[in-house]
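# Structural overview
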Amino acid sequence: MVFVKLFHVFPIVFLFIICISKISKASRAEFVTCGTMLKIMNTDLRLRLHSHDVKYGSGSGQQSITAVDVSDDHNSHWLVRPAMGETCKRGSPIKCNTNIRLQHVATKKNLHSHYFSSPLSGNQEVSAYGDDGGEGDSGDNWTVVCNNDYWRRDTPVKLKHIDTAAYLAGSGRTFGRPISGQGEIVGVTSQYGAYTDWQAMEGLFVHPSDLLPHQAAIHTEL
Ligand SMILES: *[C@@H]1O[C@H](CO)[C@@H](O)[C@H](O)[C@H]1NC(C)=O
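Residues numbered from 1 in each chain as written. Predicted model: local features only at pLDDT ≥ 70, side-chain atom pairs only at ≥ 80, totals over all residues.

### Concerning the overall build of the chain
Along its length, the chain carries two helices and twelve strands. Helices (α) and strands (β) of the chain occur, in sequence order from the N terminus, as α-β-β-β-β-β-β-β-β-β-β-β-β-α. A buried classification covers 38% of the 222 residues belonging to the chain. For the chain, restricting intrachain contacts to residue pairs at least 6 apart in sequence, the fraction spanning at least 24 positions comes to 68%. (Helix = DSSP H or I, 4+ residues; strand = E, 2+ residues; numbered from the N terminus. Buried ≥ 20, exposed ≤ 12 C-beta atoms within 10 Å, placed from the backbone. Contact = placed C-beta atoms within 7 Å.)

### Re the environment of His-114
Along the chain, the position of His-114 falls in strand 6 (residues 110–117). For the pair His-114 and Asp-163, spaced 49 residues apart in sequence, the C-alpha separation works out to 7.7 Å.

### Quick notes on unusual backbone geometry
Here the residue pair Arg-177 and Pro-178 is connected by a cis peptide bond, since its omega of 5 degrees sits within 30 degrees of zero. For Pro-178, the position within the fold is in the loop between strand 10 (167–174) and strand 11 (183–188). A positive phi angle, close to 60 degrees, is found at Arg-46, a residue other than glycine. Checked against the element boundaries, Arg-46 lands in the loop between strand 1 (37–42) and strand 2 (47–55). Located in the positive-phi region is Ala-165, a residue other than glycine, with phi close to 65 degrees. For Ala-165, the location among the structural elements is in the loop between strand 9 (158–161) and strand 10.

### Examining the site of the ligand
Around the ligand, the neighbouring residues are Ala-83, Met-84, Gly-85, Asn-99, Asp-137, Ser-138, Asn-141 and Ile-162. The residue inventory of the shell around the ligand, partitioned by class, reads three nonpolar, four polar and one charged. (Near = placed C-beta within 6 Å. Nonpolar A, V, L, I, M, F, W, Y, C, P; charged D, E, K, R; others polar.)

### Quick look at the environment of Asp-131
The topology assignment puts Asp-131 in the loop between strand 7 (124–129) and strand 8 (142–145). Judged by the 9 C-beta atoms lying within 10 Å of it, Asp-131 falls in the exposed class. Between the alpha carbons of Asp-131 and Thr-107 there is a distance of 9.5 Å; along the sequence they are 24 residues apart.

### Quick word on the confidence of the model for the chain
Predicted confidence across the chain gives a mean pLDDT of 85, with 80% of residues reaching 70 or more. Within the model, the stretch residues 12–28 combines pLDDT values under 50 with ten contacts to residues more than four positions away or in other chains. Contacts for the low-pLDDT stretch residues 212–222, under 50 throughout, to residues beyond four places or in other chains number eight contacts. (pLDDT = per-residue confidence, 0-100.)

### Notes on the pairing of strand 1
Strand 1 sits mainly inside the fold: five of its six residues count as buried. In terms of strand pairing, strand 1 meets strand 12 (residues 198–204) through five bridges, oriented antiparallel. The residue of strand 12 that forms the bridge with Ile-40 is Ala-200. Inspection of the sheet shows strand 1 paired to strand 2 by two bridges, in the antiparallel sense. Within strand 2, the residue paired with Met-41 across the bridge is Arg-48. Connecting strand 1 to the next strand, strand 2, in antiparallel fashion are four residues, including Arg-46 with a positive phi near 60 degrees. (Pairing = 2+ DSSP bridges.)

Structure below.
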């Protein structure tokens, strides 16, 4: 009985170990790639994009998006996925002006925006949206705006919301209880407005040369 169980578990453990070793090598990659799980930081405010199981008390009432100053919060992890209805090859660098979705890893919801008013500053609300499988709607699509070739890990980018043409930004305003000290995240109309630059930070960067033919399925489990 024990033998049979071990026999079943072994391949999974083995694949997991391969996966971890590939990821540690991948951390040297220069680019943010499709399938990357990362934190992104607003460069002016020094706050990382964040979400959690807390709903807005106003506007859409959907799950709130905030920004936090700590670097080690697991609720600040985002998975880079292709825009809804599009595909991208796992590990391929994200070109400037590519359409993506950012999925909040802990709750499976997507970074989303729409014409609701944000709770503190009255800008456009940014929320987290989607079902348990991570599927939402067109309001989850964002364009990575940068001036060079690819979304580079060492260069800030802007994130432009496709449906409303708003840019992801911090407002500079801070929430009180129950999420005291967290920054408000909003959509703004001008990319030249304050607080619209986002820098890739900590993450698990999938690199093209690290991919094995059967690996796509493994990374999906992350
Ligand atoms: C965004 O999402 C919708 C899903 O409603 C999809 O049909 C569309 O092609 C996506 N892409 C862009 C670039 O808007």
